Amino acid sequence: MVSENAIAWYHFSSPKNFYPLAGRLIPWFWGLAVILLVVGLYMSFFVAPTDYKQGESYRIIFVHVPAAWMSMFIYLVMAAYAIIGLTWKLRMAEMMASALAPTGAMFTFLALWTGAFWGKPTWGAYWVWDARLTSELILLFLYIGYMSLQSAIDDPRRAARASALLAIVGVINLPVIYWSVKWWNTLHQGASVSPTMAPKMASIMITTMLVMTFAFWMYTIAVVLMRARRVILERERQTSWVMEMVNADPQAEMKK
Amino acid sequence: MSDFFAMGGHGFFIWMSFGVTALFMVIEVIAVKRSRQTVLKQLLRLARADLRKAQS
Amino acid sequence: MNQSSLSGMWRAMVSRDLTLAMRRRADVLTTLFFFIIVVSLFPLGVSPEMELLRSIAPGVIWVAALLASMLSLGRLFSDDFQDGTLEQMLLLPQPLSVLVLAKVFAHWLVSGLPLVLLSPLLGMQLGLDSDGIVLMMVTLLLGTPVLSLIGAVGAALTLGVRGGGVLVSLLVLPLYIPVLIFGTGAVDAATSGMDYEGHLSLLGAFLVLSVVLTPLGTAAALRISVE
């Protein structure tokens, strides 16, 4: 069983076999993402009750918190792929890492954006130097550094490996940065943001946040697989299997 | 219905958050699809050029 | 490859890089003047009021030091990369990370240490008291080597890349944040009469960790860039 699994992993770690597999999986993840999003949005607006302190504006946490969680989670997954890619020289893992970065950066930006629109009615300002928002901002800088390094290097092989190393350096530094910012924030007695909720409401709110997080997660997998397929086409354009596939049925490939 | 969109006076903040999130997600999907098609078009052009070279 | 050849190599590498740096003294002075000018702009931009300047002095000096140490990073490996010395270094029997450490040390001696020595002057300009000035020097002494060490990873990754100078700041500045926070925190604590030993031990811990870890990262980055 173990060896069968190992063979399967080895099989799909080659871009040639990964490409069609990803194509088959994408619709399933889209389906899951749409179902979870519909359920999550319904719960966000109709099931979760109004907060007695913050009124309706607290509903923003149903996108803010999942986006923030995803932004951190995607960075960790990206670094994991980077480590796998560098240690075993697996091209597919390198490509997955670079396919993850734009989506991670997008969720980081959305966490900041929704945090600002939650902050205005809650603390009266769009931006405060709160520990979590500041860390999220630094995470955005890390994503931007990763993507700029990748696009600045012309040789795709070197670009992938250099940015993978940068992701690893970033993930080692991330806890240090996070705790420094947290300490800095308590020292200066800045605003501390914790979504305080009444205990009886907490459970339905947490369930809603989890549903929305799973929806974002499935969305991420779907869109990252799509982007990984594009990266494969770009980087494997010289190989015969890509040429054969394109020539075999150009119109069908276009539509997908 | 308008009560729902007003969100107890916080409608602006809520719809700016949910709306922009939805917008970004839709734009990202479209952008990824488009870029894949551009790459495919390039590949097709390359393939046709090769074919012509082989014929001549 | 015994112990003596390794330390001999180390010393040779440091003295070589120092000699090269001394031949281009103008570069060292440029960084130094940049540091002075950036700090001197703050009173003009903010206000000449000493009370206000004193409260922002640690942050201003530290941010200026971050930017100044950023400026000189481009030179760390680029000359050796262009004339092929770097490729020779990769082939040496000695571990690359040790050679990298020697290069970073030499680089710090000409780019970081001058900032430390100059900081009392700027501290006085901004109205820091003597305790604050001493602590400013101590934190810079502990912190600037960390900046050079982390910066070396960025410099190695962007070797020979177009627009590398701006790019390296994008990669490295976010990683400097913990040093900035605890560097300024220690001076703030000292000027307000609080305990600052915790800050200093944390800065020391950052230094030890980056001495151990970053040369490995830099060596890996150099191999990726030169290959």
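Residues numbered from 1 in each chain as written. Chains lettered and ligands numbered in written order. Predicted model: local features only at pLDDT ≥ 70, side-chain atom pairs only at ≥ 80, totals over all residues. Heavy atoms only, no water.

Okay, the overall build of chain A next. A tally of helices and strands in chain A yields nine helices and zero strands. The order of helices and strands in chain A, counted from the N terminus, is α-α-α-α-α-α-α-α-α. In chain A, which comprises 256 residues, the proportion classed as buried is 54%. Intrachain contacts of chain A at a sequence separation of at least 6 include 79% that bridge at least 24 residues. Accessible surface for chain A amounts to roughly 11700 Å². Of this, 69% is attributable to carbon and sulfur atoms. (Helix = DSSP H or I, 4+ residues; strand = E, 2+ residues; numbered from the N terminus. Buried < 20%, exposed > 50% of the residue type's maximum accessible area, 1.4 Å probe, protein only. Contact = heavy atoms within 4.5 Å. Areas by Shrake-Rupley, 256 points an atom, 1.4 Å probe, with all protein chains shown as cover.)

Our focus in this paragraph is the overall build of chain B. Helices and strands together make up the secondary structure of chain B, namely two helices and zero strands. Counting only C-alpha atoms, chain B reaches 75 × 15 × 10 Å along its principal axes. A burial count over chain B gives 36% of its 56 residues as buried. Here chain B has roughly 3700 Å² of accessible surface; of this, 65% comes from carbon and sulfur atoms.

Before going further, it helps to spend a moment on the packing of helix H6 (residues 156-187) of chain A against helix H10 (residues 197-226) of chain C. H10 of chain C packs onto H6 of chain A with a crossing angle of 170 degrees between their chain directions and a minimal axis gap of 10 Å. In terms of axis orientation, H6 of chain A runs roughly antiparallel to H10 of chain C. Every residue of H10 of chain C that contacts H6 of chain A at Arg-158, Arg-161, Ala-162, Leu-165, Val-176 and Trp-183 of chain A is listed here: His-199, Phe-206, Gly-217, Ala-220, Ala-221, Ile-224 and Ser-225 of chain C. Across the contact of H6 of chain A with H10 of chain C, the residue classes tally to eight nonpolar, three polar and two charged. (Axes fitted to C-alpha atoms, helices over the stretch in contact; angles between N-to-C directions. Parallel < 35°, antiparallel > 145°, perpendicular 65-115°, else oblique. Nonpolar A, V, L, I, M, F, W, Y, C, P; charged D, E, K, R; others polar.)

Let's shift gears to the interface of chain C and chain A. At the interface, 24 residues of chain C touch 27 residues of chain A. Here chain C packs against chain A, burying approximately 2200 Å² in sum over the two surfaces, 77% of which is carbon and sulfur. Interface area lost by chain C to chain A is led by Leu-157, Leu-175 and Ile-224 of chain C, which between them contribute 26%. In this assembly, chain C and chain A are joined by one salt bridge. Among the ionic pairs, Asp-154 of chain A bridges to Arg-162 of chain C, the shortest N-O distance being 2.5 Å. On inspection of chain C and its partner chain A, the count reaches five residue pairs in polar contact (both at pLDDT 80 or more). (Buried area = accessible area lost by both parts, 1.4 Å probe. Salt bridge = Lys/Arg side-chain N within 4 Å of Asp/Glu carboxyl O. Polar contact = N/O pair within 3.5 Å; in protein donor to acceptor, adjacent residues only side chain to side chain.)

Turning next to the environment of Ile-61 of chain C. Mapped onto the elements, Ile-61 of chain C comes out in helix H3 (residues 50-71). If we skip the residues at most four places from it in the chain, Ile-61 of chain C touches Phe-35, Val-39, Leu-122, Gly-123, Leu-126, Met-136 and Leu-140 of chain C.

In the predicted model, chain B carries a mean pLDDT of 85, and the fraction of residues at 70 or more is 98%. Here the predicted complex scores 0.91 on pTM and 0.90 on ipTM. (pLDDT = per-residue confidence, 0-100.)

This next bit is on the interface of chain B and chain A. The figure often quoted for interface size is the accessible area lost as the parts come together. Counting from both sides, the interface comprises 30 residues of chain B and, opposite them, 42 residues of chain A. Roughly 3500 Å² is buried in total at the junction of chain B and chain A, and carbon and sulfur atoms are behind 78% of that figure. The tally of links from chain B across to chain A stands at one salt bridge. The salt bridge involving Arg-227 of chain A is made with Glu-28 of chain B; its shortest N-O contact spans 2.7 Å. Inspection of the region where chain B meets chain A yields eight residue pairs in polar contact (both at pLDDT 80 or more). Broken down by element, the residue count for the side of chain B that touches chain A peaks at 26 residues, all from helix H2 (residues 11-55) of chain B. A per-class count over the side of chain B that touches chain A returns 19 nonpolar, seven polar and four charged.

Another aspect to go through is a nonpolar patch on the surface. Residues and elements named next belong to chain A. A surface patch of nonpolar side chains, about 640 Å² in accessible area, is lined by Trp-69, Met-72, Phe-73, Ile-206, Leu-210, Phe-214 and Trp-217. Every element with two or more residues in the nonpolar patch is listed here: helix H3 (61-88) and helix H7 (199-235). Among the elements that line the nonpolar patch, the one with the most residues is H7, at four residues. (Patch = residues over 30% accessible without salt bridge, like charges linked within 9 Å, V, L, I, M, F, W, Y side chains within 5 Å.)

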